[in-house]
Structure formats: structure tokens, C-alpha cells
Amino acid sequence: MTENENAESRDFVRQIIDEDQKTGKWDGRVHTRFPPEPNGYLHIGHAKSICLNFGIAEEFDGRTNLRFDDTNPEKEDTEYVESIKEDIRWLGFDWQDRLFFASDYFGQLYEWAEQLIRNDKAYVCSLPLDEIRAGRGTPSSAGTNSPHRDRTVDENLDLFRRMKAGEFPEGAHVLRAKIDMAHPHMLLRDPIMYRIRHVEHHRTGSEWCIYPTYDYTHGQSDALEGITHSICTLEFENHRPLYDWYCETLGIHHPQQIEFNRLNLTYTVMSKRRLLELVNEGHVGGWDDPRMPTLRGLRRRGYTPAAIRNLCTHVGVTKHNAVADMVLLENSIREDLNRTAPRRMAVLNPIKVVLTNYPEDQEDLLDAVNNPEDEGAGTRSVPFSRELWIERDDFMEDPPKKFFRLAPGREVRLRYAYFIRCEEVIKDEDGNITELHCTVDPDTRGGNAPDGRKVKATLHWVSARHAVPAEVRLYDHLFAVEDPDEVEEESKDWKSNLNPDSLHVVETAWLEPSLSDSQSGERYQFERLGYFCVDADSSNDQLVFNRTVTLRDSWARARRK
RNA sequence: AACCCGGUAGUGUAAUUGGUAGCACAACAGAUUUUGGUUCUGUUAGUUCAGGUUCAAGUCCUGGCCGGGUUACCA
């Protein structure tokens with residue numbers, strides 16, 4: 001049964017590999033790679049690719065290489081290399097000793113370029129950039145041959161070697177593959193293989209002043225590493241003929257490139273360029289801002305690796321562009337944290353409750369269950385006294401029909417404590433409610449009435465005398481609309497859709513005292529409110545919590561209607 | 001009017017490769033509940049269109065429509 005279910009849910013990539021295994025195409029070998037460019041931080045879209053590549057290798061008893069695609073020194077940096085490694089490990093994957101860099105292959109790539117020149121498959125073109133562009137033609141009309149297309153092998157070799165030797169300024173020459181300027185595929189109209197860049201590379205320093213392009217590098221890197229299945233996103237579909245051309249023309253190992261749909265989520269953006277823009281323009285606090293879809297942002301927000309991996313398997317792998325609903329991610333973390341997060345009580349928007357029949361100097365310690373989903377999590381003691389904080393939203397002076405919580409004359413249960421009844425509403429001169437005077441029924445200790453009477457609501461609370469203050473940061477979607485690209489006026493751009501309320505800071509929330517020494521990274525459920533984690537900014541003097549996600553709230557949903 | 005790719009409930013996906021259109025999330029209704037949480041049950045809702053082949057088409061063929069990508073010395 002399980003076997004059957006698995007067979008039925010196999011995505012098209014796995015089906016291709018199943019078939020390859022059946023026919024023995026790669027002698028039973030499965031070798032994938034994850035090839036990030038070290039020019040930014042990883043986001044949840046990369047997580048999908050990581051899960052796919054590493055996941056497939058695990059399933060087929062194969063291997064996955066981590067290879068940095070570092071062929072553009074102007075944008076790349078070791079800072080990114082380290083962060084990417086850290087994020088992949090955090091996600092739960094291991095490349096063991098197979099850490100590679102495309103820049104490791106610059107020597108071999110250069111040799112191959114000379115080979116292509118000798119075989120009349122490449123030439124040095126000395127046209128300026130704009131003329132190369134113009135010569136390429138348009139999608140519907142053929143390009144024209146470069147005047148340098150018929151240079152002799154010796155001339156090409158000489159020029160290419162002098163390019164490498166640094167004799168020319170940037171832009172003076174490029175090396176182009178000699179394919180077909182009339183090809184219906186724009187990409188095959190004599191694509192550029194090498195350009196001159198007099199810049200330091202983060203790994204090779206000043207060793208090179210000519211750098212290979214992505215297309216001239218990627219397939220050959222795969223070939224050198226013995227990759228079998230080169231899995232990439234849909235936008236490289238157009239590049240596959242070129243990938244194939246280089247491998248075939250060079251006569252080297254030829255992996256199969258397979259393209260899948262990248263992950264998109266509602267209410268956010270997923271391109272490195274845009275994320276960089278948000279950081280640079282100060283719309284967020286940084287790459288690790290808890291509102292960012294980066295792995296660092298999600299981590300700081302309180303997301304677990306398991307929740308992210310779970311989302312990646314649930315969104316599926318296909319060949320058509322899709323936008324997954326953000327609630328999928330939210331449900332994924334709720335599911336994980338519901339099982340694992342200890343429960344605590346915290347009041348974010350407090351109103352004072354005074355128990356008029358409870359002695360001033362009396363205190364009580366009540367047992368509270370740490371996690372109803374996990375008996376092993378045990379219990380803790382929560383102090384109780386005459387004055388308490390409860391949530392302002394949990395009281396209404398003039399409640400509508402379906403409001404079950406506290407109201408004048410009404411009785412509710414305080415979680416793990418007592419039944420209380422609201423006797424009097426205290427207001428200031430302006431009519432604002434400042435306190436609720438209630439009576440407590442001492443016979444209901446623990447939360448049950450001996451006479452069997454029921455209440456319709458259970459509220460969380462914190463003893464005012466024992467409460468610990470904390471800053472709590474409440475996050476909402478980064479963008480106010482599902483699709484940030486959908487703008488009302490033409491003059492506006494995607495950033496006009498940023499959600500102005502994506503961060504709401506509660507300066508003073510009241511926590512139960514057991515939270516007083518909580519440490520950065522710890523995750524809790526604040527009962528009835530949501531899941532929260534201790535922020536990196538938190539200290540024993542000033543506790544700071546991030547709201548990872550709210551609980552599902554069917555009352556809020558009902559009230560909206 | 002170029003080339004490549006795609007189109008299955010609101011969303012994301014599956015359909016043993018031509019044989020009963022299923023799953024998850026969302027929505028809605030109900031049960032349970034010391035979290036209006038969790039859990040459980042049920043309901044609504046789908047093959048882009050037109051032809052063709054076939055006993056039988058989401059699946060194969062032809063054409064249309066719609067969407068995405070491609071005119072970087074980025075990846």
C-alpha cells in the first residue's frame with residue numbers, strides 16, 4: 001500500500017530517474033548537484049531546489065555536490081559562500097567532502113576553449129558590445145555574421161592567449177562559439193564564452209582576467225564532476241540546447257539537464273535582486289529580518305528546518321509556473337510546533353482584573369500542562385494572585401451573540417486556575433475601561449466546578465505581581481496583496497504593495513514567570529495567541545519574542561463576516 | 001507571423017501511461033475540547049475551447065485560445 005502510494009506520487013523528475021535506473025542509463029548511478037551563485041543569501045525557493053537535489057540523491061542511494069557557480073567576480077563574495085553553506089547545513093543536508101567551485105575548473109575550461117578554437121568551433125570577436133547585440137538580430141529575424149567570424153585558427157589562438165595574458169582592456173574582445181547566426185534560438189547565435197574582466201575574483205584573485213560565462217561553464221562543470229542529472233529551474237530550459245552543444249562538441253561526459261518549476265509564494269517576492277533592494281532601501285532590517293523569505297529570515301522568525309522541508313515536498317515538482325499559498329508554509333510550521341512547542345501564557349494587550357474576594361496577601365501555585373500533544377513534556381507551576389492581566393480582546397462590555405468570553409455578569413474559566421465572574425467594569429473619566437472587578441469561586445481550583453456547571457470560554461492570564469515584561473514583535477505578510485506585481489497605477493511598482501503593518505511592536509507584554517530566563521532561539525506556544533520564539537536581540541534584562549505565526553483563529557474569522 | 005515550455009476544484013498537485021478524475025490546503029457545516037488551538041466527520045467545487053482517432057480521451061492527433069520564458073560580455 002505504502003509502496004503503491006509512493007509510486008503514485010512520484011514527480012516527473014523522479015519518474016525520469018526511475019526510468020534511467022530501469023534501463024541502466026548511468027550504470028545505476030545518481031549524482032546531483034546544488035549550484036548556487038555566491039551573490040546573495042539563500043531563500044525558501046532555493047530550499048526547494050536543495051530538497052529536490054539532496055532528497056533525490058538520498059532516495060536513490062546517490063550523491064549530491066555543493067558547487068558554487070562563481071564565474072562573475074563582480075557580484076560574488078566569500079561572505080555569501082559561508083552563509084550558503086551554513087544555511088544548507090541548517091536545513092539538514094550534507095555534501096560531505098564534495099564542495100566544489102566552478103572557479104576550480106577555470107584551467108580546464110581554458111584548455112577546452114583552445115580546443116574549440118582549434119576545431120574551428122570558436123573565434124575571437126572584437127566588435128563592441130552594442131554591435132554584438134545588434135548583430136544578433138531579433139527573435140523573428142536572423143542575425144548577421146561578425147566580420148571576425150572567419151579569422152584563422154592561428155589568429156584566434158593568438159588573440160585569445162593575449163586576452164588571457166591581460167594585453168587588452170575590458171570589452172576589447174570576447175570569445176564566441178561558432179554555431180549559427182541564423183538559428184531560431186537566440187542563444188545559439190554565436191554565444192559568448194569568455195569576456196575580459198580586470199577584477200579580483202574572491203577565490204582566484206588576480207590569476208585570471210578573462211572569465212567564462214554561465215553557459216560555457218555549467219555543463220562542463222557537471223561533466224567534470226560526473227553529474228548524471230543536472231536539475232535546474234524552468235528559466236534554463238532555453239539554455240539546454242547550448243548545454244548539450246558544449247558537452248557534445250567537446251566530446252565529454254554529458255549529464256541530462258532537467259528543468260522544474262521554481263517555488264513562488266503569495267505575499268512575498270523571491271528574487272535575489274528584489275530582496276537585495278528591500279535590504280538596501282531599508283524596507284526591512286536586513287537579510288535576516290523575520291519578514292524576509294530568506295532562510296536566515298525564516299530561521300529568526302522561528303521556522304524549523306522540518307517545516308520548510310515539509311513545505312517543499314508538499315508544493316510538488318512540475319513544469320508549469322505556480323504560486324503556492326503562503327498558508328501552506330504557515331500550516332507547515334503550525335503542524336510542527338503544535339507537536340513540539342511548550343505552552344506558556346502571555347498577555348499582549350493587557351487589561352487588569354481584580355478579584356475582589358481574593359485576599360491581598362494570598363498566593364497560589366497551579367499546575368499547568370506543558371504540551372497537551374506530548375505527555376512527556378510534563379507540567380509546570382504558575383503563580384496566581386488577587387490581581388491578574390488578561391487579554392483586552394477577551395472582554396466585551398456589550399458582547400454580540402457569538403462572543404463566548406468575559407462580559408458583565410458572565411462567568412469564564414481562567415486556564416488551569418478558577419472560574420471567575422465579572423461583577424463590575426471600572427472606567428476612567430473618558431469612559432475607557434481600566435479594570436474589571438471580578439469574583440473568584442474558590443471551589444473551582446484547577447478549572448472544574450464540583451457542581452458540574454460549565455463555562456463557554458477559557459482565558460489565558462498572568463498574575464500581575466509575578467508577571468515578567470517582554471517586547472513582542474508581531475509580524476504579518478511583507479506585502480499587503482497576494483501578488484506584489486499587481487499594481488493599481490502604472491506609475492507604481494511592486495514596492496508600493498509593501499504592507500505598512502508587517503511589523504507591530506508590543507513594547508510591554510506580560511509573560512508568566514517561567515519564561516524569565518528563556519534563551520535565544522527557543523520556541524513556545526503562547527496559549528490562544530500563536531507560536532513565538534526568542535529573538536537574537538533578547539537578553540535577560542530585556543526579553544524579546546518574535547511571533548512566528550498565529551494560531552488558527554476561527555473566532556477572528558467569524559467576526560470578520 | 002520566431003523559438004522553447006506549459007494549461008486538471010479557489011490554490012498546489014495525482015491519475016497504474018488510453019479504462020471509475022483522487023489527495024492536500026482553503027472555504028462551509030457539524031462533533032469533541034480546560035487553547036474559538038489540536039483531533040474527527042461531512043459538504044461545496046475541476047480536466048482552456050473546437051474538431052478528430054477509439055468500444056473508451058485529462059491522457060493520442062489537428063487547430064484555436066490563454067499563460068510563462070527567450071533579443072545580458074548575469075546566473
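Bear in mind that the values here come from a model prediction, so they are computed numbers and not experimental data. (Residues numbered from 1 in each chain as written. Chains lettered and ligands numbered in written order. Predicted model: local features only at pLDDT ≥ 70, side-chain atom pairs only at ≥ 80, totals over all residues. Heavy atoms only, no water.)

### Considerations on the pattern of salt bridges
- Under the definition given, this model contains 51 salt bridges.
- Across the pair Glu114 and Arg118 runs a salt bridge whose closest N-O atoms are separated by 3.4 Å. Of the two residues, Glu114 and Arg118 both sit in helix H5 (residues 106-118), four residues apart, roughly one turn of that helix.
- Exposure remark for Glu114: the relative accessible area of 6% places this residue in the buried category.
- With a closest N to O distance of 3.0 Å, Glu387 and Lys352 form a salt bridge. Of this pair, Glu387 sits in strand S15 (residues 387-391) while Lys352 sits in strand S12 (residues 350-355), and the two are 35 residues apart along the sequence.
- Each of Asp288, Arg300, Glu471, Arg473, Asp535 and Asp537 takes part in salt bridges that share partners, so that together they form one network. (Salt bridge = Lys/Arg side-chain N within 4 Å of Asp/Glu carboxyl O. Helix = DSSP H or I, 4+ residues; strand = E, 2+ residues; numbered from the N terminus. Buried < 20%, exposed > 50% of the residue type's maximum accessible area, 1.4 Å probe, protein only.)

### Some details on unusual backbone geometry
- A positive phi angle, near 55°, is found at Asp27, a position not held by glycine.
- If you check the backbone angles, Asp190 has positive phi at about 45° while not being a glycine.
- Position of Asp190 among the secondary structure elements: in the loop between strand S5 (174-177) and strand S6 (192-196).

### Quick look at the environment of Ser83
- Looking at the secondary structure, you find Ser83 in helix H4 (residues 78-91).
- The buried category is assigned to Ser83, whose relative accessible area is 4%.
- For Ser83 and Leu242, which are 159 residues apart along the polypeptide, the C-alpha to C-alpha distance reads 31 Å.
- When sequence neighbours within four positions are dropped, the list of residues in contact with Ser83 reads Tyr41 and Arg296.
- In this structure the side chain of Ser83 is engaged in a polar contact, spanning 3.0 Å, whose partner is the backbone oxygen of Tyr80. (Contact = heavy atoms within 4.5 Å. Polar contact = N/O pair within 3.5 Å; in protein donor to acceptor, adjacent residues only side chain to side chain.)

### A closer look at the domain arrangement of chain A
- Taken domain by domain, chain A holds domain 1 (3-260), domain 2 (272-342 + 470-560) and domain 3 (346-460).
- The centre of domain 2, based on its C-alpha atoms, is set 29 Å off from the matching centre of domain 3.
- If you look at the interface, domain 2 gives 21 residues, while domain 3 gives 23 residues.
- Contact with domain 3 buries surface across domain 2, with Trp510, Arg528 and Trp555 losing the most and accounting together for 38% of the total.
- Where domain 2 packs against domain 3, one counts three salt bridges.
- Note that Asp394 is salt-bridged to Arg528, the shortest N-O span being 2.2 Å.
- Our enumeration of links across domain 2 and domain 3 arrives at eight residue pairs in polar contact (both at pLDDT 80 or more).
- If you list the elements that add at least two residues to the side of domain 2 that touches domain 3, you get helix H13 (326-340), strand S21 (468-475) and strand S22 (503-511).
- Tallying contributions element by element places S22 first for the side of domain 2 that touches domain 3, with five residues. (Domains from an automatic or database assignment. Buried area = accessible area lost by both parts, 1.4 Å probe.)

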